[in-house]
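Single-letter residue listing:
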Amino acid sequence: MLIQQEVNQATNETQFDAPVISTREAATQVLVRDGQTIVLGGLRDHQRDANQGGVPILSSIPILGGLFGSASREAHDTELYLFLTPRIIKTDADADSVTAPRLPKGGVQ
């Protein structure tokens, strides 16, 4: 089985008046039995944000500026795990047996 996973996310950064898009990708090839679950990991992301605000002009005064402003820093870590359980479907009856438990009760609405 060939697997390619991609995650795109807009960041707080901008270039040319548009947000910068962060992209994480994983591509692999695995050999797995019918019904066996595999786990793919490693799509990690680390973002740091720094924000500064306050009263204009007064917050930029050296030493005293801290009394008129505020600063904050945040860090965000994200890791994505992908769990896959492939099923080999050879006939229509196989397809029905796999999909029937996932359909809403009372038929298709």
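Placed above this text is the structure.
Keep in mind it's a predicted model, so treat the numbers as computed, not measured.

Rules and cut-offs
Starting afresh in each chain, residues are numbered from 1 along the sequence in its written order. Owing to the predicted nature of the model, reporting of local features is limited to residues with pLDDT of at least 70; listing and counting of side-chain atom pairs is limited to 80 or more, with chain, interface and lining totals taken over all residues. Side-chain numbers come from the whole structure's heavy atoms, not from hydrogens or water. The secondary structure listing takes helices from DSSP runs of H or I that are at least 4 residues long and strands from runs of E that are at least 2 residues long, numbered from the N terminus. Should any heavy atoms of two residues lie within 4.5 Å, those residues are considered in contact. Under this definition, polar contacts are N or O atom pairs within 3.5 Å; protein pairs additionally need one hydrogen-donor-capable and one acceptor-capable atom, and for neighbouring residues in sequence, both atoms have to be side-chain atoms. The patches reported here contain residues having more than 30% relative accessible area and no salt bridge. Joining distances are 9 Å for like charges and 5 Å for nonpolar side chains (Val, Leu, Ile, Met, Phe, Trp, Tyr). All accessible areas in this document rest on Shrake-Rupley with a 1.4 Å probe, and a residue is counted as covered only by the protein chains that are shown. The salt bridge criterion pairs a side-chain nitrogen of Lys or Arg with a carboxyl oxygen of Asp or Glu, the two atoms within 4 Å. Each residue gets one of three labels from its accessible area relative to the maximum for its type: buried under 20%, exposed over 50%, partly exposed in between, using a 1.4 Å probe on protein chains only.

> Kindly report on the environment of Arg 24, identifying the contributing residues and their values.
In this fold, Arg 24 is placed in strand 2 (residues 18-29). Residues Arg 24 and Thr 78, 54 residues apart in the sequence, show an inter-C-alpha distance of 11 Å. Non-local contacts of Arg 24, meaning those with residues more than four positions away in its chain, are made with Gln 5, Glu 6, Val 7, Gln 9, Leu 43, Arg 44, Asp 45 and Thr 78. In terms of polar contacts, Arg 24 uses its side chain to reach the backbone carbonyl oxygen of Leu 43, at 2.7 Å.

> Account for a nonpolar patch on the surface, with residues named and values stated.
On the surface, a nonpolar cluster with roughly 680 Å² of combined accessible area is contributed by Val 55, Leu 58, Ile 61, Ile 63, Leu 64, Leu 67 and Phe 68. With respect to the secondary-structure elements, Ile 63 resides in the loop between strand 3 (38-54) and strand 4 (69-84). The class of Ile 63 is exposed, set by a relative accessible area of 84%.

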